Amino acid sequence: MTTPLPTAPAEGAGAPAAAEAPASPWALALHRLRRRKAALVGAGIIGFFVLAALLAPVLTAISGTRPDTVDKKAIDPYLGGLPRGSLGGISSHHWLGVEPLLGRDIFARLLYGAQISLLVAFSAALLITLIGTVLGITAGYFGGRIDALISRFMDVMMSFPSLIFMIALLSVARDVNRVVLLIGVMSLFSWPYIARVVRGQTLSLRHREYVEAARASGTGNARILFGEILPNLTGTIVVYVTLAVPGLIGTEAALSFLGVGIRPPTPSWGQMISDAVLYYKVDPMFFILPSACLFLVVLAFTLVGDALRDALDPKGSRA
Amino acid sequence: MIGYLLRRLAAMAATLLIVCALTFAVFYLLPSDPAAQFCGKDCSTERIELVRQQLGLADPLIVQFWHYVRGIFAGQTLGTGQYAVQCGFPCFGYSFQSAQPVWALMMDRLPTSISLALGAATLWLLLGVGAGVISALRRGTWIDRTLMIGTIGIAALPVYFTAMILLYLVVTVAGILPYPRYIAFGENPVGWITNLILPWITLALLNAAIYARMTRNSVIETMAEPYVRTARAKGLPERRVVGKHGLRPALTPVATMLGMDLGGLLAGALITESLFSLPGIGKLFADSLNKSDQPVIMGVTLLASFFIVTSNLVVDLVYAWIDPRARLS
């Protein structure tokens, strides 16, 4: 008896094999419900941080602290500038303690850090969605030379060591708005990943019957693209963008950690972590708080994106 | 296959040239004066001018670029007369800071980065593929759920946090391991492992989750294939069905991703190296950045692109070898 050779799966542009059948409707429902619970937790965390970022001025007015006010009274100069009191200087005045050396309020800095982190990540996500969708759909729909040109361009962009190049670009720039620059530089190296997925999906959509029918009835390219193809891509795009956000938040933190992202006095989580690494043994709270924020936001977006993928893209295909 | 290989090599060379040109353009736009950097403090205007001549910085951008690219392959002589220095193949210029050849600096750091990348990759493959396969085979059970939620949680941990917690618990509190520093494998294999194990774990935890989810999806897909059913119907033992018919094709996409990730990592894990103060290429880059040491920054950028482009090529070639259809696209 001969064993059949295992055939290599045609894995490439993301064409998964047959859809998996659920064990039973009941199991499927339970499965989805479990997914949704995680997604709800994730959405709750995202909501919390978005609210905190939006209400930063209000909340800091209530706490009576500012992110850049130096409070020398809260630190102990005889202990190398460590915060006075336990747990990193938590007090009725400084709710989450203060930074060593400068005594700036951590609560206020975390809130304004959330603003920056979310602003940068959301704007970059919007930008890469826009660029990625437009270029991906154009390449996939028109094919031929346009496709070849765009695809090669994507290949080149993906051959850059992105983190290294982002750092190089960011360190070159002087006297520019750091936030705008960060958004631009991060988007520059992230859009090809979405464009590639959109292109692949468009390729498979453009020969569907309803697209052929629309073309046969004389519908223009623009109407076909926006009326027939784009609506079928929304699910995929939403999933990929949601899953791209944690990456963008992490990248912003990494760049600020390395000192080329957001510059002081504007607070950012990555920058706080970078300062706190020196104190992780003597003032663990200062290190744990921004790390925890970063962890929660990244976790929340991954949970939501994951659940969305299951809901919108049941085959679980990946790029 | 030969035609395909040549086409791919040409495309690779073109990509590297573009990356090189863009990198060059970016650094040319740097506001700081490389000549003044190279000359150091308390340098007279005439001396800076001399250095500028010597480094060829007075030439137009395109000429400088040509010299740079030619230098990489053919080496070049920097400066003239008594100041002439022969920089042999592959010439990436000299560091402004240490006046050492950039190539030598990078080769000095490369073993650290390679050790870090390979060790971490081995670890995350073991963890990720293991968890993914178990999850897929126990699909829908509590084991699957725990593993999948757990991997999301672990992947979300900021790398700074993982590194510092590991350092604190293992080195400071328990005192089991020394504070990581790089020891060459040839010098002391045990020391190599004990010193690098914490950085490996840090990097592996970051990546294992993605591999676990990918392996899980891939194995689930493959196990639903008709040939797996056929294998079962023939009465093969389940071990053989899973091992031979299920896993082998399922792990192809994992190998692809591994190739790409390794390519990105070989030229240095910037943050991990910084956190553990490991003298790898990433650390070299970070240090050069602080001192605006342009030749080193450029060299590292190019080396990193080279690794990425090469690993993409290797992955594609392996694919074309396995699946002839891939040669056409």
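Cut-offs applied
- Residues numbered from 1 in each chain as written.
- Chains lettered and ligands numbered in written order.
- Predicted model: local features only at pLDDT ≥ 70, side-chain atom pairs only at ≥ 80, totals over all residues.
- Heavy atoms only, no water.
- pLDDT = per-residue confidence, 0-100.
- Helix = DSSP H or I, 4+ residues; strand = E, 2+ residues; numbered from the N terminus.
- Axes fitted to C-alpha atoms, helices over the stretch in contact; angles between N-to-C directions.
- Left-handed = near helix turned anticlockwise from the far one by under 90°.
- Contact = heavy atoms within 4.5 Å.
- Nonpolar A, V, L, I, M, F, W, Y, C, P; charged D, E, K, R; others polar.
- Domains from an automatic or database assignment.
- Salt bridge = Lys/Arg side-chain N within 4 Å of Asp/Glu carboxyl O.
- Polar contact = N/O pair within 3.5 Å; in protein donor to acceptor, adjacent residues only side chain to side chain.
- Buried < 20%, exposed > 50% of the residue type's maximum accessible area, 1.4 Å probe, protein only.
- Lys, Arg positive; Asp, Glu negative; His and termini not counted.
- Phe/Tyr/Trp six-rings, centres within 6.5 Å; stacked < 30°, edge-to-face > 60°.
- Expected span 1.5 Å × (residues − 1).
- Core = buried A, V, L, I, M, F, W, Y, C linked by side-chain atoms within 4.5 Å.
- Arc of directions from axis to C-beta.

Chemist: Help me get a handle on the confidence of the model for chain B, residues and values and all.
Modeler: Residue and element names in this part refer to chain B. Per-residue pLDDT for chain B averages 82, and the proportion of residues at 70 or more is 89%. Of all the helices and strands in chain B, helix α2 (residues 34-39) carries the lowest mean pLDDT, 66, while helix α5 (residues 102-137) carries the highest, 91. Quick note on the complex model: pTM equals 0.83, ipTM equals 0.82.

Chemist: Describe the packing of helix α13 (residues 281-290) of chain B against helix α14 (residues 294-322) of chain B, and please don't skip the residues or the numbers.
Modeler: What describes two packed helices is the angle between their axes and the distance between those same axes. Residue and element names in this part refer to chain B. Packing of α13 against α14 brings their axes to within 9 Å, and their N-to-C directions diverge by 145 degrees. Relative to α14, α13 is oriented so that their crossing is left-handed. On the side of α13, the interface is formed by I281, L284, F285, S288 and L289, while α14 contributes V296, I297, V300, T301 and L303. Here the residues of the contact of α13 with α14 are counted per class, giving 8 nonpolar, 2 polar and no charged.

Chemist: Just give me the short version of the domain arrangement of chain B, but keep the residues and values in it.
Modeler: Residue and element names in this part refer to chain B. Domain boundaries in chain B define domain 1 (34-91) and domain 2 (106-326). Listed as interface residues are 4 residues of domain 1 and, on the opposing side, 6 residues of domain 2. Put simply, domain 1 and domain 2 have 0 salt bridges between them. Between the two partners, domain 1 and domain 2, sit 0 residue pairs in polar contact (both at pLDDT 80 or more). Looking at the side of domain 1 that touches domain 2, the elements that each hand over two or more residues are α2 and α4 (61-74). For the side of domain 1 that touches domain 2, a count of residues per class yields 3 nonpolar, 1 polar and no charged.

Chemist: Account for the pattern of salt bridges, naming residues and giving values.
Modeler: In this structure the tally under the stated criterion is 10 salt bridges over all chains. Residue A:E212 is joined to A:R215 by a salt bridge in which the shortest nitrogen-to-oxygen separation is 3.7 Å. Placement of the pair is A:E212 and A:R215 together in helix α7 (residues 209-216), with a separation of 3 residues, close to one helical turn. A salt bridge links B:D316 to B:R8; the shortest N-O distance between them is 2.3 Å. Within this pair, whereas B:D316 is found in helix α14, its partner B:R8 is found in helix α1 (residues 2-28), the two being separated by 308 residues in sequence.

Chemist: So, the side chain of A:D105: which residues are in play, and what are the values?
Modeler: All names here are of chain A. Summarising the element assignment, D105 is placed in the loop between β2 (82-83) and α3 (106-142). Of the side chains with opposite charge, R109 comes closest to the buried, unpaired D105, at an N-O distance of 8.9 Å. Here the side chain of D105 touches A108 through a polar contact of 3.0 Å, landing on its backbone nitrogen. Excluding residues that lie within four positions of it along the chain, D105 makes contacts with T65, R66, T69, H93, H94, W95, G97 and V98.

Chemist: Any chance you could break down the packing of aromatic side chains for me, citing the residues and the numbers?
Modeler: One pass over the structure, following the stated rule, counts 20 aromatic pairs over all chains. Ring geometry for A:Y280 and B:Y168: centres 6.5 Å apart, planes at 80 degrees, overall edge-to-face. Highlighted residues: A:Y280 in the loop between α9 (269-276) and α10 (284-312) and B:Y168 in helix α7 (residues 159-174), drawn from two different chains. On the accessibility criterion, B:Y168 (33% relative accessible area) is partly exposed. Considering the side-chain rings of B:F306 and B:F307, the 6.2 Å spacing of their centres and the 55 degrees angle between planes classify their relative orientation as tilted. Put simply, the rings of B:F24, B:F65, B:Y68, B:F92 and B:W103 touch in pairs and so form one group of aromatic residues.

Chemist: Tell me what's going on with helix α11 (residues 252-266) of chain B, and back it up with residues and numbers.
Modeler: All names here are of chain B. End to end, α11 covers 21 Å across 15 residues, agreeing with the expected 21 Å (1.5 Å per residue, within 8%). Summarising burial for α11: 11 of the 15 residues are buried, a large majority. Every buried residue belonging to α11 is among T252, P253, V254, T256, M257, L258, G259, L262, G263, L265 and L266, and all of these are buried. Remark: G268 follows α11 within two positions and exhibits a positive phi of approximately 110 degrees.

Chemist: I'd like to hear about the nonpolar core, residue by residue, with values.
Modeler: Core analysis: the biggest nonpolar cluster contains 164 residues, and A:I229, A:I249, A:W269, B:W124, B:Y160 and B:L275 have the highest contact counts within it. No other element matches the 14 residues that helix α8 (residues 221-257) of chain A contributes to this core. Among the domains, domain 1 (34-91) and domain 2 (106-326) of chain B are the pair contributing at least three residues each to this core. Those residues in contact with A:I229 that sit more than four places away from it in its chain are A:I137, A:Y141, A:T202, A:L205, A:R206, A:V211 and A:I224. In terms of nonpolar packing, the next biggest core, distinct from the first, is built from 5 residues, A:A52, A:A56, A:F107 and A:Y112 among them.

Chemist: If you had to explain the environment of A:S91 to someone new, which residues and values would you point to?
Modeler: Here A:S91 is to be found in the loop between β2 and α3. Sequence-wise, A:S91 and A:G305 are 214 residues apart; in three dimensions their C-alpha atoms are separated by 38 Å.

Chemist: Break down unusual backbone geometry for me, with residues and values.
Modeler: For residues besides glycine, phi is generally negative; the peptide bonds are generally trans as well. Between A:P264 and the following residue, A:P265, the backbone shows a cis peptide bond with an omega angle of 10 degrees. Residue B:S277 is not a glycine yet carries a positive backbone phi of 50 degrees. Within the fold, B:S277 resides in the loop between α12 (270-275) and α13.

Chemist: An account of helix α9 (residues 226-233) of chain B is needed here, citing residue identities and associated values.
Modeler: All names here are of chain B. All buried positions along α9 are accounted for by Y227, V228 and A231. Looking down the long axis of α9, one finds its buried residues gathered within 105 degrees of arc, a one-sided arrangement. α9 presents R229 and A233 as exposed residues on the side facing more than 90 degrees away from its buried surface. Against α8 (189-223) and α10 (238-250) lie the buried residues of α9. Of the residues flanking the end of α9, it is G235, one or two places downstream, whose phi is positive at about 90 degrees.

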